[in-house]
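The residues making up each chain are set out below.
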2 protein chains.
Amino acid sequence: MEGPVSGLFNMTSSELRITLSHGGGGRASSQLIDQLFLKHFNNPLLAKRNDQAIFQPPVGRLVMSTDSHVVSPLFFPGGNIGSLAVHGTINDLVMSGAWPLYLSAAFILEEGLLYADLEKIVISMAEAACQAGTPIITGDTKVVERGKADGVFITTTGIGVVADGVNISGECATPGCAILINGTIGDHGVAIMATREHLQFASAIASDSAALHELVASMLQVAPGAIRCLRDPTRGGVAAVLNELAMQSGVGMLLNEQALPIKPDVQAVCEILGLDPLYVANEGKLIAICEADAAADLLASMRQHPLGRDAAIIGYVVDEPKTMVEMTTMMGGRRLVDWPLGEQLPRIC
Amino acid sequence: MEGPVSGLFNMTSSELRITLSHGGGGRASSQLIDQLFLKHFNNPLLAKRNDQAIFQPPVGRLVMSTDSHVVSPLFFPGGNIGSLAVHGTINDLVMSGAWPLYLSAAFILEEGLLYADLEKIVISMAEAACQAGTPIITGDTKVVERGKADGVFITTTGIGVVADGVNISGECATPGCAILINGTIGDHGVAIMATREHLQFASAIASDSAALHELVASMLQVAPGAIRCLRDPTRGGVAAVLNELAMQSGVGMLLNEQALPIKPDVQAVCEILGLDPLYVANEGKLIAICEADAAADLLASMRQHPLGRDAAIIGYVVDEPKTMVEMTTMMGGRRLVDWPLGEQLPRIC
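If you're wondering where the values come from, they're calculated on a predicted model, not measured in any experiment.

Bringing the packing of aromatic side chains into the picture now. Using the criterion set out here, one finds seven aromatic pairs over all chains in the structure. Seen in terms of ring centroids, B:Phe37 and B:Phe107 are 4.7 Å apart; in terms of plane orientation they differ by 35°. Their pairing is tilted. In this pair, B:Phe37 sits in helix 1 (residues 27–41) while B:Phe107 sits in strand 5 (residues 99–110), placing the two residues 70 residues apart along the sequence. Overall, the relative accessible area of 1% leaves B:Phe107 in the buried class. Connected via pairs of aromatic rings, a cluster forms that spans A:Phe37, A:Phe41 and A:Phe107. Sitting over the ring of A:Phe75, A:Lys120 keeps its end group 5.2 Å from the ring centre.

The following block contains the structure:
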């Protein structure tokens, strides 16, 4: 490679920024691919440098899921947009009962982005993908002019495999089923909001961003046929997911407020910011709806996993033709847990 | 559904715009999914409304590809960002010799986008996907604040299947192979530039955006083992793709300028705008590198397909340790066809 040419990297400069030529398909693009993506995502399929990746199909049904990530700020306690993009798509696969296999990653970069920030993000993605055993096998990079995006947007798509006999889907909840969650709610959304609002006292609250494939695999071992629905309560939080599942299954839900696991400092920040934790996004949580007689065993097995230590049964599915989600409050009353209507927390994931 | 509530659609208004709540995971998001995406992308896998889609694996190796689309303007002669996003990812799959099976689509919307524009784009995607027999089986929508994106960005990811015996990859070119293209170069990039620059006289130039799976299937029938490399010359044009393939295969390329198919009006606009057609993006073209003795048959079969009528043999692979791409000019000289260095045409796809 020649000396410094317009658009090419001088990798020693801490002031290095992304330019439009890094998305142009020419030499600067090629250098970005070699020195950043191939280096960190390092795997034989990606290293072929084709515009696609070929792999042998696994035994079982395949599952595909995609998510664009636009979180702001890009870096937050407990992660950044890169680790989030890996965890988010793995979790969407896993919520079908799948084991994740491969990821793709498509980047939209804003001209002027600091290369050092992009590299941090890419390294986090690589670490998250490696930890989950889910290589990033193909990708794309586009650059748009300054002011036409916001730093980095990352779209990850995943492929996974679902074993025979596993049939988990949003329409499978029936009255009597138990509703479980694997831990405390609202951590991710509150960590983002506290960072955005510069709440010093809340700086210890970290996102719960994590890949849930191992937790779900252990749940499937304990209660293979009894898990009816799985969904990760991200945007719109637990409230949105329960309303979606109620609508898909044509049932109601009755939550028990007392049973909801919430960290005291998350609760405190929610009170200050006027947020209801039921509507706040999570990135390492799942809602499981299972047959009632399997609930105790499932709960016990979840609590044995590091990502399920605070698991709880938070309510039951009920026969309710209007598919309403309600909650027995601490005061003994009942209140509607409606769909989120406006947008409490934009750009949370 | 109740009457007009903040964030919900009044579908009769032509002034309807996207708001942050359409990306919030609540009722407005749900309405957008129902009334736009499920309606137009209409297929049973998507209709399950899960965060992922499950399908049976085909017989053969699988191929995965992803592309973010950030083209500006969103609408141009010959297509829009929606049809482009479908064709672009199908073509990336097909360049491995694959047959495309399924697509996912992830949208990043800018607050304030006209709903009517989004609907036009979604309808084009649905038509393109239907025409190619490649349903959009899962997706995602995010909304970012006004000024943090540029209308719509669409990331499509595709899954395809490669038949046994097909082994097409960028490192397989060897000296003596012929280099073919299926038609005229530069149409897409020039159509975009002419739209951007409001060149009235060039308004008849349309993008060549098209899905190439049927053309490639017919080529594979004629010369199953003889096709070594396939790649679509999008960003950076024919020049970038030939340099990539030369680098991957460790060979040189020698083009014949006289053989390059270029429409006279595309050539004229290139001269006015100071563009070299070799560096201008295409969206319905492929470069095929094949064994020399199969080239004539392959060319004849390409010309029988509507997307290959202007196919031509444009050069040969040569033994060249520096992996240079050169061209015999009309004047009888030789010139280097180097990597594109800067960014001639940002946001072309």
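Moving on: the pairing of strand 10 (residues 252–256) of chain A. Residues and elements named next belong to chain A. Where strand 10 meets strand 12 (residues 312–318), four bridges bridge the pair, whose relative direction is antiparallel. By the bridge assignment for strand 12, Leu 255 is matched with Gly 315. Bridge count between strand 10 and strand 13 (residues 325–328): four bridges; the pairing is parallel. Looking across to strand 13, one finds that Asn 256 is bridged to Thr 328.

Structural alignment of chain A on chain B gives an RMSD of 0.0 Å, achieved by rotating through 180° and translating 0.0 Å along the axis. The relationship between the two copies is best expressed as a two-fold rotation axis. If distances are taken from each C-alpha of chain A to the rotation axis, the shortest is found for A:Ala149, at 2.1 Å.

Moving on, we come to the domain arrangement of chain A. Residues and elements named next belong to chain A. Once the domains are mapped, chain A shows domain 1 (20–162) and domain 2 (178–336). Its C-alpha centre places domain 1 at a distance of 27 Å from the equivalent point of domain 2. Listed as interface residues are 20 residues of domain 1 and, on the opposing side, 23 residues of domain 2. Of the roughly 1,700 Å² buried at the junction of domain 1 and domain 2 (both faces included), carbon and sulfur atoms supply 65%. Taken as a group, Pro 77, Asn 91 and Met 95 account for 32% of the area that domain 1 buries against domain 2, more than any other trio of residues on that side. Across the contact surface, domain 1 and domain 2 share zero salt bridges. Put simply, the parts of the chain that give the side of domain 1 that touches domain 2 at least two residues each are strand 3 (75–76), helix 3 (81–94) and strand 5 (99–110).

Residues and elements named next belong to chain A. With their axes 6 Å apart at the nearest point, helix 3 and helix 4 (residues 115–132) run at an angle of 30° to one another. The handedness of the crossing between helix 3 and helix 4 comes out as right-handed. In contact with Ile 81, Gly 82, Ser 83, Val 86, His 87 and Ile 90 of helix 3, helix 4 contributes Ile 121, Ser 124, Met 125, Ala 128, Ala 129 and Ala 132. For the contact of helix 3 with helix 4, the residue count by class is eight nonpolar, four polar and no charged.

Residue and element names in this part refer to chain B. On strand 11 (residues 287–290), burial covers both faces: Ile 287 and Ile 289 on one face and Ala 288 and Cys 290 on the other are all buried. As paired elements, strand 8 (residues 178–181) and strand 11 share four bridges and run antiparallel to each other. In the sheet register, Ile 179 faces strand 11, and the bridge partner there is Ile 289. With four bridges connecting them, strand 9 (residues 227–231) and strand 11 associate as antiparallel partners.

Before going further, it helps to examine the sheet that holds strand 1 (residues 53–55) of chain B. One key point about sheets: their strands pair by backbone hydrogen bonds, in either a parallel or an antiparallel sense. As summarised here, the arrangement of the five strands in space is 6(A)-5(A)-7(A)-2(A)-1(B), forming an open sheet in which the pairing is mixed. Two strands in the sheet have a free side with no partner beyond their single neighbour: strand 6 (136–144) of chain A together with strand 1 of chain B. Shown here is a sheet whose adjacent strand axes are inclined to one another by a mean of 15°, direction ignored. Where strand 2 (residues 61–69) of chain A meets strand 7 (residues 152–162) of chain A, nine bridges bridge the pair, whose relative direction is antiparallel. The residue of strand 7 of chain A that forms the bridge with A:Ser65 is A:Gly158. Contacts from helix 4 of chain A reach strand 5, strand 6 and strand 7 of chain A, with the element oriented near 175° to strand 5 of chain A.

Each partner contributes to the interface: chain A provides 80 residues, whereas chain B provides 80 residues. Summing both partners gives a buried area of about 6,500 Å² for chain A against chain B, and 56% of it is carried by carbon and sulfur. At the boundary of chain A and chain B, one finds ten salt bridges. The salt bridge partner of B:Arg235 is A:Asp140, with a shortest N-O separation of 2.9 Å. Counting across the chain A and chain B interface gives 39 residue pairs in polar contact (both at pLDDT 80 or more). Elements with a contribution of two residues or more to the side of chain A that touches chain B: helix 1 (27–41), strand 1 (53–55), strand 2, helix 3, strand 5, strand 6, strand 7 and helix 7 (237–249) of chain A. Strand direction decides the pairing type here: strand 1 of chain A and strand 2 (residues 61–69) of chain B, joined by three bridges, are antiparallel. Pairing of A:Ile54 across the sheet is with B:Val63, part of strand 2 of chain B.

A few words on the pattern of salt bridges. Counting across every chain of the model gives 30 salt bridges over all chains. Of the charged contacts, one joins A:Arg27 and B:Asp338 as a salt bridge, the two residues approaching to 3.2 Å between their closest N and O atoms. Here A:Arg27, found in helix 1, pairs with B:Asp338, found in the segment after strand 14 (334–336), and the two come from separate chains. For A:Arg27, a relative accessible area of 16% corresponds to the buried category.

The next thing to look at is the sheet that holds strand 1 of chain A. Overall, mixed pairing links the five strands, which are arranged 1(A)-2(B)-7(B)-5(B)-6(B) in an open sheet. The strands lining the two open edges of the sheet, one partner per strand, are strand 1 of chain A together with strand 6 (136–144) of chain B. Ignoring which end each strand starts from, the neighbouring axes of this sheet average 15° apart. Note: strand 5 of chain B against strand 7 (residues 152–162) of chain B, ten bridges, orientation antiparallel. Counted as the bridge partner of B:Leu103 is B:Gly158 from strand 7 of chain B. Set on the sheet, helix 3 (residues 81–94) of chain B makes contact with strand 2, strand 5 and strand 7 of chain B; between it and strand 2 of chain B the angle comes to about 145°.

Criteria and cut-off values
- Counting restarts for each chain, with residues numbered from 1 along the sequence as it is written.
- All chains are assigned letters beginning with A, and all ligands numbers beginning with 1, in the order in which they are written.
- Local features in this predicted model are restricted to residues of pLDDT 70 or higher, and side-chain atom pairs are both shown and tallied only at a pLDDT of 80 or more, whereas totals for entire chains, interfaces and linings draw on every residue.
- Note that water and hydrogens are dropped before the side-chain values are worked out from all heavy atoms of the structure.
- Stacked, tilted and edge-to-face pairs are distinguished by plane angle, under 30 degrees for stacked and over 60 for edge-to-face with tilted covering the rest, among Phe, Tyr and Trp rings (Trp via its six-membered ring) whose centres lie within 6.5 Å.
- The helix count covers DSSP runs of H or I at least four residues long, the strand count covers runs of E at least two residues long, and both are numbered beginning at the N terminus.
- Here's how the labels work: a residue is buried when its accessible area is under 20% of the maximum for its type, exposed when over 50%, partly exposed in between, all with a 1.4 Å probe on protein chains only.
- Two thresholds decide whether a charge sits over a ring: the Lys NZ or Arg CZ must be within 6 Å of the ring centre and within 35 degrees of the ring normal.
- Following DSSP output, two strands are said to pair if at least two bridges run between them.
- Least-squares superposition aligns the copies on the C-alpha atoms of those residues with pLDDT at or above 70 in both.
- As annotated, the domain borders come from an automatic or database domain assignment.
- It only takes one pair of heavy atoms within 4.5 Å for two residues to be counted as in contact.
- Accessible area that two parts lose when put together, evaluated with a 1.4 Å probe and summed over both, is termed the buried area.
- Definition used for salt bridges: Asp or Glu carboxyl oxygen within 4 Å of a side-chain nitrogen of Lys or Arg.
- Lines fitted to C-alpha atoms define the axes here, with helix axes fitted over just the stretch in contact, and angles between the N-to-C directions of these axes take values from 0 to 180 degrees.
- Handedness of a crossing follows from how the near helix is turned relative to the far one, being left-handed for an anticlockwise turn of less than a right angle and right-handed for a clockwise one.
- When residues are sorted by character, Ala, Val, Leu, Ile, Met, Phe, Trp, Tyr, Cys and Pro go into the nonpolar class, Asp, Glu, Lys and Arg into the charged class, and all the rest, Gly among them, into the polar class.
- Polar contact is the term for a pair of N or O atoms within 3.5 Å; when the atoms are in protein, one must be able to donate a hydrogen and the other to accept it, and sequence-neighboring residues count only if both atoms are side-chain atoms.

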